[in-house]
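# Chain and residue survey
Each chain, letter by letter, is given below.
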Amino acid sequence: KVHPVHFEGKYFRSRGPLSAPRSPQGHPVICQAGGSPRGRTFAARWADTIISQATSVAAMKQFRDDIRAQAKGFGRNPDDIKVLFLIAPIVDEYQDTANARKQARIEEANTHPDFYLANLSRLTGIDFSKYGLDEKLPALTTNGHQTVASGLSGRTLREIIQTGRALRDVDLVGTPDAVGRKMADIIEEVGGDGFLITDPELTRRYISEIADGLVPALQKLGVVRKAYDHVMLRDNLLAF
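Attention in this report is confined to the structure presented alongside it. Note that the structure is predicted; figures quoted are calculated from it, not measured.

### Examining helix 8 (residues 204-220)
Between its first and last C-alpha, helix 8 extends 23 Å over 17 residues, near the 24 Å set by a 1.5 Å rise per residue. The largest bend in helix 8 comes to about 30°, at Leu214, with the proline Pro216 one to four residues further on. Listing the buried residues of helix 8 in full gives Tyr206, Glu209, Ile210, Gly213, Leu214, Ala217 and Leu218. For helix 8, the elements touching its buried residues are strand 6 (90-91), helix 3 (95-111), helix 7 (176-190) and strand 8 (194-197).

Set out below in structure tokens:
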């Protein structure tokens, strides 16, 4: 019952068929990343989950509200889309040591700014070498990562490389309990749904601090589940 696709369109062509089995639910979970107006509309119509930049609590709420309003306009249940905001919390046993690690990252960014600027250029397609480190950036346009580019306008490059994925209004640095409470408060204000934790230094230590420190703290608050009730990914994704 497998038929060749033999598709030929304006942008790509395929002999087919796809060399992967059909998923149990008909199609895989669709995860969309990109916050441009066109990207938001696409996500609201088709996505099961969306990955979005988190710059401030207000911006997170605005993004989620916009997605849900557009989804409703397409005849979808807004609760069928889960928005996950990218964050990189710094968690340690003590507040002082967490603060010290944050300061060390700032010093590293100041010592090797070219490394961080090259990464920004890779994402956005913008040559940042033409701007001074302490010069406020103008409104930026790009065919690259538009969400990242739009979040840079009006800020200095030094500020950008020092803060990384940090929120402008909430400092997610501290003990597991302290960071967990802040995360719970943020999602309550935003209205849902959750976070995607990422970090430029994804080491075994960082994974352990999140999995064995932060997650249990969030579970104690009742904002992270302790077990999965369903077999399929989509069902578990939408259940919480």
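### Here we look at the packing of aromatic side chains
The final tally for this structure, using the stated rule, is four aromatic pairs. With a centroid separation of 5.1 Å and 35° between ring planes, the pair formed by Phe7 and Phe12 is classed as tilted. The exposure class of Phe7 is partly exposed, given its relative accessible area of 38%. Phe12 sits in the exposed class, given a relative accessible area of 54%. When the centroid spacing of 5.3 Å and the interplanar angle of 90° are considered together, the rings of Phe115 and Tyr116 count as edge-to-face. Looking at Phe115, the relative accessible area reads 59%, which means it is exposed. Given a relative accessible area of 23%, Tyr116 falls into the partly exposed group.

### Describing a nonpolar patch on the surface
A cluster of nonpolar side chains, Val5, Phe7, Tyr11 and Phe12, forms an exposed patch at the surface whose accessible area comes to about 500 Å². Mapping Tyr11 onto the fold places it in the loop between strand 1 (7-8) and strand 2 (13-14).

### A few points about the pairing of strand 5 (residues 82-87)
Burial runs high along strand 5: six of the six residues are buried. Here strand 5 shows no split at all, with Lys82, Leu84 and Leu86 on one side and Val83, Phe85 and Ile87 on the other all buried. As paired elements, strand 4 (residues 49-53) and strand 5 share five bridges and run parallel to each other. Of the residues in strand 5, the one forming a bridge with Gln53 is Leu86. Between the parallel elements strand 4 and strand 5, the chain passes through helix 2 (residues 57-73) in a crossover that is right-handed. Pairing of strand 5 with strand 8, which is carried by four bridges, proceeds in the parallel orientation.

### Concerning the pattern of salt bridges
Going through the model one piece at a time under the given rule, you end up with 15 salt bridges. Two residues, Asp92 and Arg101, come together in a salt bridge whose shortest N-O distance is 3.0 Å. Each member of the pair Asp92 and Arg101 is classed as buried. Arg101 is the partner of Glu209 in a salt bridge, and the nearest nitrogen-oxygen pair spans 2.8 Å. Placement of the pair is Glu209 in helix 8 and Arg101 in helix 3, with a sequence separation of 108 residues. Of the two residues, Glu209 and Arg101, both sit in the buried class. One connected set of salt bridges, linked through shared partners, spans Asp92, Arg101, Arg205 and Glu209.

### So, the sheet that holds strand 3 (residues 31-33)
Read from one edge of the open sheet, four strands run 3-4-5-8, paired in parallel fashion. Where the open sheet ends on each side, the last strands, each with one partner, are strand 3 and strand 8. For this sheet, the mean angle separating the axes of adjacent strands, direction not counted, is 30°. Sheet strands in contact with helix 7 are strand 5 and strand 8, and its direction is about 130° off that of strand 8.

Analysis parameters
- Residues numbered from 1 in each chain as written.
- Predicted model: local features only at pLDDT ≥ 70, side-chain atom pairs only at ≥ 80, totals over all residues.
- Heavy atoms only, no water.
- Helix = DSSP H or I, 4+ residues; strand = E, 2+ residues; numbered from the N terminus.
- Expected span 1.5 Å × (residues − 1).
- Bend = angle between axes of the 7 residues up to and from the residue.
- Buried < 20%, exposed > 50% of the residue type's maximum accessible area, 1.4 Å probe, protein only.
- Contact = heavy atoms within 4.5 Å.
- Phe/Tyr/Trp six-rings, centres within 6.5 Å; stacked < 30°, edge-to-face > 60°.
- Patch = residues over 30% accessible without salt bridge, like charges linked within 9 Å, V, L, I, M, F, W, Y side chains within 5 Å.
- Areas by Shrake-Rupley, 256 points an atom, 1.4 Å probe, with all protein chains shown as cover.
- Salt bridge = Lys/Arg side-chain N within 4 Å of Asp/Glu carboxyl O.
- Pairing = 2+ DSSP bridges.
- Right-handed = clockwise from strand over helix to strand, strands pointing away.
- Axes fitted to C-alpha atoms, helices over the stretch in contact; angles between N-to-C directions.

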